[in-house]
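For reference, the chains in residue letters:
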Amino acid sequence: MPTPALKEWDVQSQALSLGQTAVLIRKGGIMETHDGFEVEHRSFLLYPTFLHQNPAELRPEFAPLLRDDPQPGAIVLPALAEVMGVWKIEQEAQARALADLQALTADAISRRFAYRGRPWVHALLLRVRPLSAPLVLPETPQMLGCVSWVPLGEVAVEAGPPVLDETRLEGLHSEIEARLGETAQL
């Protein structure tokens, strides 16, 4: 079975892999389908990308994670992520209410929310398990482009324990639910 990977800015991939956050706000890439980003997989590898990474859209505490691509022409996949919760958020104020739980600024969340005139984003709560050794793959033409999901083919990986314990993840889940109110979890 092919292993999926989710493209995410390198800073956010690092923050997730280090346990600095467990939440992502997603809208999708410019090459996504008409309906935009969907959570197609419940388990996937994190695919750090430097394409379109914008330091101005990151909260200041995540700026130290900014770096140049350490291996141009290769993808260094650091961790396995498992979806613990998904929420489709259709009110901008609710999306902004999650700003301090992840790496993007509130204004960046608003821009993603309004992107392409479709007012919504997804919030994902992830259990992240760093790989015993990062998976390094050559970047192929099939991996390029502004898409969220990249099929990697059949790859074998060994992941270590989660960077955040279950108690912390359950607390984050409850916190997200409290902040979103009536928004239904998917």
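Keep in mind it's a predicted model, so treat the numbers as computed, not measured.

What counts, and where the lines are drawn
- Residues numbered from 1 in each chain as written.
- Predicted model: local features only at pLDDT ≥ 70, side-chain atom pairs only at ≥ 80, totals over all residues.
- Heavy atoms only, no water.
- Helix = DSSP H or I, 4+ residues; strand = E, 2+ residues; numbered from the N terminus.
- Rg over C-alpha atoms; globule rule 2.2 N^0.38 Å.
- Buried < 20%, exposed > 50% of the residue type's maximum accessible area, 1.4 Å probe, protein only.
- Contact = heavy atoms within 4.5 Å.
- Areas by Shrake-Rupley, 256 points an atom, 1.4 Å probe, with all protein chains shown as cover.
- Pairing = 2+ DSSP bridges.
- Axes fitted to C-alpha atoms, helices over the stretch in contact; angles between N-to-C directions.

(A) Here's a closer look at the overall build of the protein. In terms of regular secondary structure, the protein is built from 4 helices and 6 strands. Going from the N terminus to the C terminus, the protein shows its helices and strands as β-α-β-β-β-α-α-β-β-α. Expected size for 186 residues packed as a compact globule is a radius of gyration near 16 Å; at 16 Å, the protein falls within 12% of this value. Across its three principal axes, the protein shows a C-alpha extent of roughly 40 × 35 × 35 Å. For the protein, with 186 residues in total, the buried portion stands at 49%. In the protein, the proportion of contacts linking residues at least 24 apart, taken out of those at least 6 apart, comes to 87%. Carbon together with sulfur atoms contributes 55% to the accessible area of the protein, which is approximately 8900 Å² in total.

(B) Spotlight on the sheet that holds strand β4 (residues 74-89). Strand order in this open sheet of 6 strands is β2-β5-β4-β3-β1-β6, and the pairing throughout is mixed. The open sheet terminates on both sides in strands that have one partner only, identified here as β2 (23-26) and β6 (149-151). Ignoring strand direction, the axes of neighbouring strands in this sheet form an average angle of 45°. Note: strand β1 (residues 4-9) against strand β3 (residues 43-49), 5 bridges, orientation parallel. Bridge pairing in β3 places E8 opposite P48.

By themselves, these figures tell us nothing about what the structure is for.
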